[in-house]
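An overview of the molecular structure
This is what each chain is made of:
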Amino acid sequence: MGRIIETTEISKVYKMGSEIINALVSISINIDKGEYVAFMGPSGSGKSTLMNIIGCLDTPSSGTYILNNNDVSDLTENELAEIRNKEIGFVFQTFNLLPRATSLDNVALPLIYAGLNKYDREEKAMAALASVGLADRASHKPNELSGGQRQRVAIARALVNDPSIILADEPTGNLDSKTSYSIMDLFQELHDKGNTIIMVTHEDDIAHYAHRIVRLRDGLIESDEINENVIATGPQ
Ligand SMILES: Nc1ncnc2c1ncn2[C@@H]1O[C@H](COP(=O)(O)OP(=O)(O)OP(=O)(O)O)[C@@H](O)[C@H]1O
Ligand SMILES: [Mg+2]
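Residues numbered from 1 in each chain as written. Chains lettered and ligands numbered in written order. Predicted model: local features only at pLDDT ≥ 70, side-chain atom pairs only at ≥ 80, totals over all residues. Heavy atoms only, no water.

Here's the deal with the nonpolar core
Of all hydrophobic cores here, the largest spans 40 residues; its most connected members are Y36, V107, L129, I155, M184, F187 and M199. Taken together, the elements giving at least two residues each to this core come down to β3 (36–40), α3 (103–113), α4 (118–131), α5 (147–159), β7 (165–169), α6 (177–192), β8 (196–200) and α7 (204–207). If near-sequence neighbours (up to four positions away) are discounted, F187 is found in contact with Y36, I155, A168, P171, I197 and M199. Residues I5, I165, V200 and L216 belong to the second largest nonpolar core, which totals 27 residues. (Core = buried A, V, L, I, M, F, W, Y, C linked by side-chain atoms within 4.5 Å. Buried < 20%, exposed > 50% of the residue type's maximum accessible area, 1.4 Å probe, protein only. Helix = DSSP H or I, 4+ residues; strand = E, 2+ residues; numbered from the N terminus. Contact = heavy atoms within 4.5 Å.)

Next comes the structure, spelled out in structure tokens:
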């Protein structure tokens, strides 16, 4: 399996007036294609900051980040957006769906930026919805779906471009436990199909679906371990 992510001593400094916040101090981490990694750590330890850099939503203050053999440490906004579109599928705690758009249109949205015609967009979006078990909810709007279904639509949207990496920042943070486990079952399926997944979670039982657990503290990696107790199927 090839290397997909390689960061070397990346830092992130935020300046707020006279205050300087070292959100990431020095992070060196390698992730291979097909890995399933959980980032854990206390609030403020830098998890989202690191995810945003890995997802090309932001760039590091120093250090290098190689994504899929491209140095993306120092790109412009536009260059980052292009890479993001091609390489990254995002899943957020709050789903981030367009409230007035149907499931199908929400999932098809990234394909507009990719330049596909309407017919191809709808065909791909339908296939992505089917892959998360929601073919029969294509014309529903987000407020006509359950929380778990909304997150499935968001996951279908993340998958529709066939990205190299799926990044999920607390994907189960707004879901009850039963729904959370069903979302984790879906992630496991995606991992079994060869997708690379990185997720942030506060919950130990959710982290244990991942095959590797990285703990952050104060902008540093505190531990980085193989998870010996991978949950094979969600508690029923
Ligand atoms: N845009 C920003 N401007 C200034 N400071 C920021 C910004 N984003 C994050 N920070 C600060 O950087 C540190 C790391 O924040 P980050 O959001 O990465 O933490 P986190 O580990 O994701 O926490 P949580 O578990 O609460 O989501 C925090 O001290 C935060 O206040
Ligand atoms: Mg966060």
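Focus on the pairing of β3
β3 sits mainly inside the fold: 5 of its 5 residues count as buried. Going residue by residue along β3, you find Y36, A38 and M40 tucked away on one face and V37 and F39 tucked away on the opposite face as well. Here β3 pairs with β8 via 4 bridges, running parallel. Of the residues in β8, the one forming a bridge with V37 is I198. The pairing of β3 with strand β9 (residues 212–217) spans 4 bridges and is classified as parallel. Of the residues in β9, the one forming a bridge with A38 is I213. (Pairing = 2+ DSSP bridges.)

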